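Below are the chains, spelled out letter by letter.
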Amino acid sequence: MQSGFRIDLQALRGVAVLLVLLYHADLFLPGGYLGVDVFFVISGYLITGLVARALGRGEFSFAEFYYRRAKRLLPAAYVTFLVTGLLAPVVLNDAELRDFFAQLIGALTFSSNVVLFLQSGYFEGAADLKPLLHIWSLSIEEQYYFLLPAALVFLPQRFRLPAISLVVGLSALACFVLLDYKPIATFYLLPTRAWELGLGSILALMPRNSAGPGVWSRWLFWPATSALLLVPLFPLPGSHPGLNAALVCLATVIVIARRHPDAGQSALVRGLARVGDISYSLYLAHWPVFAFLKNASVSSVGLWERCLALVLSVVLGYCLYRFVERPIREMPLKGTRAQLAGVIAVSTALVVLPLLLSRAFVTEQDFAHIRRPNDGFSAVCISEGRFELKAECRSADKPAVMVWGDSYAMHLVPGVVDTSRGGVAQATMGNCGPVLDMAPTSDVFYTRHWAASCIAYNRQVFEHVRGAAEIEIVVLASSFRQYLMSHDGRRVWRLLTVDATGNAQESAVGEALFIEYFTATVEALRAAGKRVVVVGPTPSAGFNVGACLERRAKQKLVLGAPTDDCTVPHAQHLEANGAVIGFLDRLERAADVGVIRLDEHLCSAGSCRVTSGEAILYVDAGHLTHEGSVAIAREMRLGELIEQLAR
């Protein structure tokens, strides 16, 4: 047994990686993502202790420290990157493949978290489809390790613990303050995640003979151990990293501080420790398997597929550990300039080889362009809580038509512009439907703060429309699902409403309440002298139509498509969108408003078409492509239809 080996720490690593694997397999653990937070605390504790002990012996060397880190991490990581990079052109769609090369460079430069943050826009590819998504957490750790040794080296010993404690406090404060305002940045970036590693650092820097940790860790050990299992099983509502992360991180600190003397006597602990031995390789190997599966699947992945992916992940992880990680780690290698040059050469090859291979899969149809985000006029027209009618978001100085709503309003804009007279303006905010004093809210990204900004944004749009005499018609468009369906995948929706006195309250989603507020919005627009028309969403059936069409065209594996030609079965559309269809029928009567139904135009004879001539209509499961928007608008004479039905 190696000197200083702690079986309890290895068992914690085993728990952490199992939480992550089961979460990604969508098995039993809705909060399994918290395993990453456990890893952060363990890593902060171990690395800080390693550096502090070397400094105490007067033996610390930056070169030796980073060489040992590279020897420990890079071989298994590089094999993972190579295999993933060679498979990516075969499996990924064009847009995902384009993003993959940036992710690969981010992984090789320990900036993966920054790359993923930059790729997290409203219409960017789903995180589940990114094969190197999981490297963000390793990048966080490596960035921390670039800063931590310098801090410990240059700070006098008596200042180390206070300084790290101050950093932890500031990082935690920034995290909890920004969580509702900038949730994606808070999730991905080091300044708002450093507190988790820092908790481990604080524990490592505390004097070993201190009575404090020993006393409170003995009292709290079993509650902390229970929390490590119960919080991932029953996570509290709220964004991440939030209260759940804090509970799990503190529980991890307590378990580490306890140094339970009987840990090695338990067969369960020994088993978890064996999993912990291969946790790094398991973590590396598992996610590309799930990501490739989700790329091939154009609908939700079934239970058996997820279980097979989990088994394959474990097998690959063990092989990576047995034949790459462990042998190289045990080799008596010393860092040389030749090895450094080799690392640089291999890093370059890891980017160049997949790039060259991807050229073999180039076809005449550029699906990355065809399925590009349909932001309407421009990406600058996707507002984030403040409305301003920019020049880029209108087709005339004094537009007669305003298209107002969420992304299902954005995708109409090219077609409305092409078929309308008098100019068109765009007022859109992702997921924010065109209804006054009401917004959807969820515990992930679409927080209460976001919902309040949506309400404020819509009020600003209304005030602009009311004061713009040139605007004659307002087109209201949305998917409407977020106001009518409480559960949508893993997301749970509620409604935030504001009354006449400015008081805000949350309530369950529901048709009656939504119709009440939507009707009031229509009446307010009419009182301002505007005519109103509503446009419903495209037909959908819970699968990614755009991805299905691309994969069929490129003869790639397609899983989960209900039809061979990717058309939407009409019956499945009616079943999946019954709440929206019923709402539009009742809204038409309640508000005496004209409703344009895209599904009635696209569906016939039991199916709904997804192409128009040569034009591919769908970007994804429901949004129209630029060309599809224009094609459908021309077929329907949408501009004329808007004028006819607006009232």
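For the structure given in this document, a descriptive report is provided here. Fair warning: this is a prediction, and the values are worked out from it, not measured in the lab.

### Quick look at the state of the cysteines
- This model, assessed by the stated rule, comprises 4 disulfides.
- Here Cys603 pairs with Cys608 through a disulfide, and the sulfurs are 1.9 Å apart. As the torsion about the S-S bond is roughly 100 degrees, the Cys603-Cys608 disulfide counts as right-handed. Grouping residues by exposure puts Cys603 and Cys608 together as buried.
- In the protein chain, the bonded cysteines, taken in the order they occur along the sequence, pair up as 1-2, 3-4, 5-6, 7-8.
- The structure places no disulfide on Cys175, whose sulfur is separated from the nearest cysteine sulfur, that of Cys249, by 9.5 Å.
- Free of any disulfide, Cys319 has its nearest neighbouring cysteine sulfur in Cys307, separated by 20 Å.

### Observations regarding the nonpolar core
- Phe81, Trp195, Ile256 and Leu284 are the most contacted members of the largest nonpolar core, which totals 95 residues.
- Every residue in contact with Trp195, bar those within four places of it in the chain, is listed here: Val168, Ser171, Ala172, Cys175, Phe176, Ala245, Ala246 and Cys249.

### Here's the deal with the packing of helix 9 (residues 194-205) against helix 11 (residues 243-258)
- Contact pair helix 9 / helix 11: the axes reach a minimum separation of 10 Å and the direction vectors enclose 20 degrees. What the angle tells us is that helix 9 and helix 11 run roughly parallel. When the axes of helix 9 and helix 11 are compared, the crossing they make is right-handed. Of the residues in helix 11, those in contact with Trp195, Glu196, Leu199 and Leu203 of helix 9 are Ala245, Ala246, Cys249, Leu250, Val253, Ile256 and Ala257.
- Partitioned by chemical class, the residues of the contact of helix 9 with helix 11 number 10 nonpolar, no polar and 1 charged.

### Overview of the pattern of salt bridges
- Tallied over the entire structure, the rule returns 27 salt bridges.
- Between Arg459 and Glu463 there is a salt bridge, and its shortest N-O distance comes to 4.0 Å. With a gap of 4 residues between them, Arg459 and Glu463 both fall in helix 19 (residues 448-467), about one helical turn apart.
- Judged by relative accessible area, Arg459 falls into the partly exposed class, the value being 31%.

### Quick notes on the packing of helix 1 (residues 7-24) against helix 2 (residues 35-56)
- Taken N-terminus to C-terminus, the directions of helix 1 and helix 2 make an angle of 150 degrees; their axes are 8 Å apart at the nearest point. The pairing of helix 1 with helix 2 is recorded here as roughly antiparallel in orientation. Of the two possible hands of crossing, helix 1 and helix 2 adopt the one that is left-handed. For the pair helix 1 and helix 2, the contacting residues are Leu9, Leu12, Arg13, Ala16, Val17, Leu19 and Val20 in the first and Gly35, Val36, Val38, Phe39, Ile42, Tyr45 and Leu46 in the second.
- Class assignment for the residues of the contact of helix 1 with helix 2 results in 12 nonpolar, 1 polar and 1 charged.

### Some thoughts on the sheet that holds strand 8 (residues 504-508)
- Across the sheet, which stays open at both edges, the 3 strands sit in the order 3-7-8 with antiparallel pairing between neighbours. What marks the edges here is a single partner per strand, and that holds for strand 3 (438-441) and strand 8. Adjacent strand axes in the sheet meet at a mean angle of 30 degrees, parallel and antiparallel pairs treated alike.
- Relative to strand 8, strand 7 (residues 494-498) runs antiparallel, the two sharing 5 bridges. The residue of strand 8 that forms the bridge with Val498 is Ala504.
- Here helix 19 sits on the sheet in contact with strand 3, strand 7 and strand 8, set at roughly 155 degrees to strand 3.
- Contacting strand 3, strand 7 and strand 8, helix 21 (residues 511-527) runs over the sheet at an angle of about 35 degrees to strand 7.

### Remarks on the sheet that holds strand 10 (residues 568-569)
- Pairing is antiparallel across the open sheet formed by 3 strands, whose spatial order is 10-13-12. The open sheet terminates on both sides in strands that have one partner only, identified here as strand 10 and strand 12 (603-604).
- Judged from the 2 bridges that link them, strand 10 and strand 13 (residues 607-608) form a sheet pairing that is antiparallel. By the bridge assignment for strand 13, Val568 is matched with Cys608.

What counts and what doesn't
- Residues numbered from 1 in each chain as written.
- Predicted model: local features only at pLDDT ≥ 70, side-chain atom pairs only at ≥ 80, totals over all residues.
- Heavy atoms only, no water.
- Disulfide = S-S within 2.5 Å.
- Buried < 20%, exposed > 50% of the residue type's maximum accessible area, 1.4 Å probe, protein only.
- Core = buried A, V, L, I, M, F, W, Y, C linked by side-chain atoms within 4.5 Å.
- Contact = heavy atoms within 4.5 Å.
- Axes fitted to C-alpha atoms, helices over the stretch in contact; angles between N-to-C directions.
- Helix = DSSP H or I, 4+ residues; strand = E, 2+ residues; numbered from the N terminus.
- Parallel < 35°, antiparallel > 145°, perpendicular 65-115°, else oblique.
- Left-handed = near helix turned anticlockwise from the far one by under 90°.
- Nonpolar A, V, L, I, M, F, W, Y, C, P; charged D, E, K, R; others polar.
- Salt bridge = Lys/Arg side-chain N within 4 Å of Asp/Glu carboxyl O.
- Pairing = 2+ DSSP bridges.

That is the geometry; function is a separate question.
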